[in-house]
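Spelled out from the first residue to the last, the chains are:
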Amino acid sequence: MAGQHFTPTLKMAANAKRGLRLREKFGRGSTDVGVRRAHQLAERRDVSEADVKAMASYFARHEVDKQGAAHQWNSNSDPSAGFIAWLLWGGDAGRTWAEAKRAKLAD
């Protein structure tokens, strides 16, 4: 399976676009890496094997962000920085997708 590329889903693209809008509005959430990932997903550009692994690792590290007390998870009026970043990486749909793709790469 070396050298495979994968196309992000429509839901991942929608989540990334929502994250970009919220980041623009509230001025928080993610790093430049996350913003680049969001543009890749929003435009549904191919995701490499390395990108899949990076995405799966991101979600594994940042699951704890859902516990944050500052601002709110899944809010359009007062979203937490962690929630915005989560969306930039494709949101829950991105996590499920990246974990599934990563599992297949391990075979």
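Residues numbered from 1 in each chain as written. Predicted model: local features only at pLDDT ≥ 70, side-chain atom pairs only at ≥ 80, totals over all residues. Heavy atoms only, no water.

## A short note on the overall build of the protein chain
Step number 1: Each helix and strand counted, the protein chain has 5 helices and 2 strands in total.
Step number 2: Compactness check: the protein chain gives a C-alpha radius of gyration of 13 Å against a globular reference of 13 Å for 107 residues, within 12% of the reference.
Step number 3: With respect to the three principal axes, the spread of C-alpha positions in the protein chain is 40 × 25 × 20 Å.
Step number 4: Within the protein chain, the fraction of its 107 residues that count as buried is 43%.
Step number 5: Surface exposure of the protein chain reaches about 5,800 Å², of which carbon and sulfur atoms provide 50%.
Step number 6: Side chains of the protein chain give 18 positive and 12 negative charges; the mean places of these two sets differ by 3 Å. (Helix = DSSP H or I, 4+ residues; strand = E, 2+ residues; numbered from the N terminus. Rg over C-alpha atoms; globule rule 2.2 N^0.38 Å. Buried < 20%, exposed > 50% of the residue type's maximum accessible area, 1.4 Å probe, protein only. Areas by Shrake-Rupley, 256 points an atom, 1.4 Å probe, with all protein chains shown as cover. Lys, Arg positive; Asp, Glu negative; His and termini not counted. Charge placed at Lys NZ, Arg CZ, Asp CG, Glu CD.)

## Comments concerning the pattern of salt bridges
Step number 1: Per the stated rule, a full pass over the model turns up 6 salt bridges.
Step number 2: Residue Arg45 is joined to Glu43 by a salt bridge in which the shortest nitrogen-to-oxygen separation is 2.7 Å.
Step number 3: The salt bridge partner of Lys66 is Glu63, with a shortest N-O separation of 3.7 Å.
Step number 4: Given a relative accessible area of 25%, Lys66 falls into the partly exposed group. (Salt bridge = Lys/Arg side-chain N within 4 Å of Asp/Glu carboxyl O.)

## Section: the nonpolar core
Step number 1: The biggest cluster of nonpolar side chains holds 25 residues, and the ones touching the most others in it are Met55, Leu88 and Trp97.
Step number 2: Within the residue set of this core, elements represented by two or more residues are helix H1 (10-26), helix H2 (32-42), helix H3 (49-62), helix H4 (81-88) and helix H5 (91-106).
Step number 3: Sequence-distant contacts of Leu88, that is, excluding residues within four places in its chain, are made with Ala16, Gly19, Leu20, Arg23, Gly29, Ser30, Gly34, Val35, Arg37, Ala38 and Leu41. (Core = buried A, V, L, I, M, F, W, Y, C linked by side-chain atoms within 4.5 Å. Contact = heavy atoms within 4.5 Å.)

## Here we look at the packing of aromatic side chains
Step number 1: Counting across every chain of the model gives 7 aromatic pairs.
Step number 2: Between the aromatic rings of Phe59 and Trp86, the centroid separation amounts to 4.7 Å while the plane-to-plane angle is 75°, which identifies the pairing as edge-to-face. With Phe59 in helix H3 and Trp86 in helix H4, the pair connects residues that are 27 residues apart, well separated along the chain.
Step number 3: Ring plane angle 65° and centroid distance 5.7 Å describe the contact between Trp73 and Trp86, whose orientation is recorded as edge-to-face. Residue Trp73 is located in the loop between H3 and H4, and its partner Trp86 is located in helix H4; the two are separated by 13 residues in the primary sequence.
Step number 4: Relative accessible area serves as the criterion here: at 1%, Trp86 is assigned to the buried category. (Phe/Tyr/Trp six-rings, centres within 6.5 Å; stacked < 30°, edge-to-face > 60°.)

## Quick word on H2
Spacing of three or four residues puts side chains on the same side of an α-helix, whose turn is 3.6 residues.
Step number 1: Buried residues of H2: Gly34, Val35, Arg37, Ala38, Gln40, Leu41 and Ala42, and no others.
Step number 2: Just downstream of H2, Arg44 is the residue with a positive phi angle, here 55°.

## A short note on unusual backbone geometry
Step number 1: A positive phi is found at Ser30, a non-glycine position, where the angle reads about 80°.
Step number 2: Along the chain, Ser30 falls in the loop between H1 and H2.
Step number 3: When its relative accessible area of 27% is taken as the criterion, Ser30 is described as partly exposed.
Step number 4: With a phi angle near 60°, Asn74 is a residue other than glycine that sits in the positive phi range.
Step number 5: Turning to its location among the elements, Asn74 is positioned in the loop between H3 and H4.
Step number 6: On the accessibility criterion, Asn74 (52% relative accessible area) is exposed.

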